[in-house]
Amino acid sequence: MLILTRKIGEAITIGDGSIKVSVVEVKGRQVRLGITAPADTPIHREEIFRKIKESNEMAVSASAADLDKVTGLLGGGSDHD
Amino acid sequence: MTDTGSTSLIKVETTRFGQVEVDPGQVVTLPQGMVGFPLQTKYIFIQHRDDSPLHWLQSLERPDLAFVVVNPLIFDQQYQLSLGSAESKLLQVEDPNQVQVWVVVTIPPGHPEKMTANLRAPVVINLATRLGAQVIMENSEMPLRKPLVNQ
């Protein structure tokens, strides 16, 4: 892992320079980062990204047989309003 | 049977369904893949059964890779999608009515009654461009594991 020291107001660029991460504020144990990236680049907090990844990895283990049981559970006329 | 060859079907190998034939017009492209699966970008939807709300989002590039997905409005009529500007741009959304929303279902092995849906990261498809993305709703309280069967 590359580790760099930056001061408030300083930044790093990633790749071709189209992604820039700057340090906006440091307050105790919290750091506020400013990120500029191409408009079609989603940016996420790492922990939520990781949770979704784990959730997806669990989801892909489903078998067709599981789904038959599940369809019965969903289609049990459980309409309620 | 006549074969004009105008819309030739493509054959796709799948682990769960064997070989399936797909109309190329039905293929959706997820430029960034599903979260955790960035290398697979081509998918098709296969309905589980005619009477089932469940569909498979089947990878065309990895036979064993398929996600169970469902329309979230089936169990949550209030479900709201918040699409960030990055995602809108990525999907080239011009008409919100052309957007189709799915959520990924997780079925714990042997415990189908404990299945959950991930409302936090829906799969959004722009039907006009057939581009899609799994959108992580960053500032949302939507549950990652919403139980689908009332206990």
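Positions within a chain are numbered from 1, following the residues in the order the chain's sequence is written. Numbering of ligands from 1 and lettering of chains from A proceed in the order in which they are written. The predicted nature of this model means local features are confined to residues of pLDDT at least 70 and side-chain atom pairs, given and counted, to a pLDDT of 80 or more, with totals for whole chains, interfaces and linings taken over all residues.

(A) Expanded view of the overall build of chain A. In DSSP terms, a helix is any run of H or I states spanning at least four residues, a strand is any run of E spanning at least two, and both are numbered starting from the N terminus. When you go through chain A residue by residue, the secondary structure sums to two helices and three strands. Reading chain A from its N terminus to its C terminus gives the helix and strand order β-β-β-α-α. Here the globule rule reads 2.2 Å times residues to the power 0.38, and the radius of gyration is calculated from C-alpha atoms. Relative to its length of 81 residues, chain A is extended, with a C-alpha radius of gyration of 22 Å against a globular reference of 12 Å. Taken along the three principal axes of its C-alpha coordinates, chain A extends 60 × 30 × 25 Å. In this scheme every C-beta is placed from the backbone, and a residue whose C-beta has 20 or more other C-beta atoms within 10 Å is buried, one with 12 or fewer is exposed, and one in between is partly exposed. By residue count, 9% of the 81 residues in chain A fall in the buried class. C-beta atoms are placed from the backbone for every residue, and two residues are taken to be in contact when these atoms lie within 7 Å. For chain A, long-range pairs separated by at least 24 residues make up 0% of all intrachain contacts whose partners lie at least 6 apart in sequence.

(B) Molecular detail of the sheet that holds strand β1 (residues 11–14) of chain A. Residues and elements named next belong to chain A. Paired strands, as defined in this entry, are two strands with at least two bridges between them according to DSSP. Within the open sheet, the three strands sit side by side as β1-β2-β3. Their pairing is antiparallel. Two strands bound the open sheet, and with one partner strand each, they are β1 and β3 (30–36). Taken over all neighbouring pairs, the strand axes of this sheet differ in orientation by 25° on average, direction set aside. Alignment of β1 against strand β2 (residues 19–27), held across four bridges, turns out to be antiparallel. Looking at the pairing, Ala 11 lines up with Ser 22 of β2. Convention adopted: a line fitted to C-alpha atoms gives each axis, helices being fitted over their contacting stretch, and angles between N-to-C directions are expressed from 0 to 180 degrees.

(C) Just the domain arrangement of chain A, in detail. How far each domain reaches was decided by an automatic or database domain assignment. Along its sequence, chain A is organised into domain 1 (8–41) and domain 2 (44–76). The C-alpha centroid of domain 2 of chain A is placed 34 Å from the C-alpha centroid of domain 1 of chain A.

(D) The nonpolar core, seen in detail. All names here are of chain B. Grouped together as the largest cluster of nonpolar side chains are 40 residues, with contacts concentrated most on Phe 67, Val 68, Val 69, Val 103 and Val 105. The greatest single-element share of this core, amounting to six residues, is contributed by strand β8 (residues 116–126). Every residue in contact with Val 103, bar those within four places of it in the chain, is listed here: Val 69, Val 70, Pro 72, Ala 117, Asn 118, Leu 119 and Pro 122. Only buried Ala, Val, Leu, Ile, Met, Phe, Trp, Tyr and Cys residues enter a nonpolar core, and they are joined through C-beta atoms within 7 Å.

(E) Highlighting the interface of chain B and chain A. At the interface, 38 residues of chain B touch 29 residues of chain A. Mapped onto the side of chain B that touches chain A, the elements with two or more residues apiece are β6 (66–70), α1 (85–91), β7 (99–106) and β8 of chain B. Its residues assigned to classes, the side of chain B that touches chain A shows 22 nonpolar, eight polar and eight charged. Each residue gets one label: Ala, Val, Leu, Ile, Met, Phe, Trp, Tyr, Cys and Pro are nonpolar, Asp, Glu, Lys and Arg are charged, and the others, such as Gly, are polar.

(F) Highlighting helix α1 (residues 46–59) of chain A. One less than the residue count of a helix, multiplied by 1.5 Å, gives the span that helix is expected to have. Helix length check: α1(A) (14 residues) gives 20 Å between terminal C-alpha atoms against 20 Å at 1.5 Å per residue, within 8%. If you check which residues of α1(A) are buried, you get A:Ile52, A:Ser55, A:Asn56 and A:Ala59. Viewed along the axis of α1(A), the buried residues span an arc of 100°, placing them on a single side of the element. For α1(A), the exposed residues lying more than 90 degrees away from the buried face are A:Glu46 and A:Glu47. Buried residues along α1(A) sit against β6, β7 and β8 of chain B. To obtain the arc, one takes the directions from the helix axis to the C-beta atoms.

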